[in-house]
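Working through the structure, step by step
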Amino acid sequence: QKEVEQNSGPLSVPEGAIASLNCTYSDRGSQSFFWYRQYSGKSPELIMSIYSNGDKEDGRFTAQLNKASQYVSLLIRDSQPSDSATYLCAVRSGGYQKVTFGTGTKLQVIP
Amino acid sequence: DVKVTQSSRYLVKRTGEKVFLECVQDMDHENMFWYRQDPGLGLRLIYFSYDVKMKEKGDIPEGYSVSREKKERFSLILESASTNQTSMYLCASSSAWGRQTYEQYFGPGTRLTVT
């Protein structure tokens, strides 16, 4: 079983819709959770970090964490074509400096 | 803003050559990381360092070594490059303290081709 799992996609949504990206993780002791955006040919860029259960909002982005279900999601409201990218989920287990990345979900926003 | 720079964007080397990839960060971060990224395999950790002269193996350290002589600089060394080391190499850094603990910031990447 992979430590961090994401659906590879592509996930296609029309412009203006809400895109919902999901991630599950296997280590129940995980402490920190991150979402990165990666455009083709570029390096990952940090979008959000979340550390406690519930929702965290930043502009059009909302991260949701449910530790009991070992599930973290990213919602993108009012999706724009410029949001088309691969979104990586990353999880840090307690006591460790390193994080484990999922393989990413490719999002396509259709104009 | 956090700034992580890598010595080259593109590099072409021959099989058997010794290859040095350098990474520099300007945010006084304690932790530095080297990953490779391949299609379908995602980001895989090669080595990381949590302090000067300290290093730990990641998931795929074979064929690689690292050096961290100064806090801001972390080098990845391919002792004898092979074609299966053709990949995108990404450096990242993170703080071990404060509000942004463990958030990793990436450099632009080096696309290495070994022929």
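Read on for an overview of the structure. Quick caveat, the model's predicted, so the values are computed rather than measured.

Bringing the overall build of chain B into the picture now. The helix and strand inventory of chain B stands at 0 helices and 11 strands. Shown N-terminal to C-terminal, the secondary structure of chain B runs as helices and strands in the order β-β-β-β-β-β-β-β-β-β-β. Rg of the C-alpha trace for chain B: 13 Å, near the compact-globule value of 13 Å for 115 residues, within the 12% margin. Based on the C-alpha atoms only, the size of chain B along its principal axes is roughly 45 × 30 × 25 Å.

Counting residues at the interface gives 25 residues for chain B, matched by 17 residues for chain A. Counting each side, the surface lost to burial between chain B and chain A is near 1600 Å², with a carbon and sulfur contribution of 57%. Scanning the region where chain B abuts chain A turns up 0 salt bridges. Our enumeration of links across chain B and chain A arrives at 4 residue pairs in polar contact (both at pLDDT 80 or more). Top contributing element to the side of chain B that touches chain A by residue count: strand S5 (residues 42-51) of chain B, with 5 residues. Broken down by class, the residue content of the side of chain B that touches chain A amounts to 14 nonpolar, 7 polar and 4 charged.

The subject of this paragraph is the sheet that holds strand S1 (residues 4-5) of chain A. Residues and elements named next belong to chain A. Taken in spatial order, the 5 strands line up as S1-S3-S8-S7-S6 in an open sheet, and their pairing is antiparallel. Either end of the sheet is taken by a strand with one partner, and the two such strands are S1 and strand S6 (54-58). When S6 meets strand S7 (residues 61-66), the two strands line up antiparallel, connected through 5 bridges. Bridging across to S7, Asp 58 finds its partner in Phe 61.

Moving on, we get to the pattern of salt bridges. Between side chains of opposite charge, a pair can form as their charged atoms come close. Residues and elements named next belong to chain B. A full pass over the atoms with the stated rule returns 10 salt bridges over all chains. The shortest N-O distance in the salt bridge between Glu 22 and Arg 73 comes to 3.0 Å. Remark: Arg 73 occurs in strand S8 (residues 73-78) and Glu 22 occurs in strand S3 (residues 19-25); sequence separation between them is 51 residues. Residue class for Glu 22 comes out partly exposed when judged on its relative accessible area of 31%. By relative accessible area, Arg 73 is classed as partly exposed at 33%. In this structure, Glu 30 engages Lys 71 in a salt bridge whose closest nitrogen and oxygen atoms are separated by 3.8 Å. A residue pair is termed long-range when its members are at least 10 positions apart, and Glu 30 in the loop between S3 and strand S4 (31-38) and Lys 71 in the loop between strand S7 (64-70) and S8 qualify at 41 residues. Each of Asp 28, Glu 30 and Lys 71 takes part in salt bridges that share partners, so that together they form one network.

Aromatic rings considered in pairs are described by the distance between their centres and by the relative angle of their planes. The tally for this structure, following the rule as stated, stands at 10 aromatic pairs over all chains. Among the aromatic side chains, those forming a connected cluster through ring pairs are A:Tyr36, A:Phe101, B:Phe33, B:Tyr35, B:Phe48 and B:Phe106. One Lys or Arg, A:Arg92, reaches over the ring of B:Tyr102 and ends 3.7 Å from the middle of that ring.

Basis of the calculations
- Residues numbered from 1 in each chain as written.
- Chains lettered and ligands numbered in written order.
- Predicted model: local features only at pLDDT ≥ 70, side-chain atom pairs only at ≥ 80, totals over all residues.
- Heavy atoms only, no water.
- Helix = DSSP H or I, 4+ residues; strand = E, 2+ residues; numbered from the N terminus.
- Rg over C-alpha atoms; globule rule 2.2 N^0.38 Å.
- Contact = heavy atoms within 4.5 Å.
- Buried area = accessible area lost by both parts, 1.4 Å probe.
- Salt bridge = Lys/Arg side-chain N within 4 Å of Asp/Glu carboxyl O.
- Polar contact = N/O pair within 3.5 Å; in protein donor to acceptor, adjacent residues only side chain to side chain.
- Nonpolar A, V, L, I, M, F, W, Y, C, P; charged D, E, K, R; others polar.
- Pairing = 2+ DSSP bridges.
- Buried < 20%, exposed > 50% of the residue type's maximum accessible area, 1.4 Å probe, protein only.
- Phe/Tyr/Trp six-rings, centres within 6.5 Å; stacked < 30°, edge-to-face > 60°.
- Lys NZ or Arg CZ within 6 Å of the ring centre and 35° of its normal.

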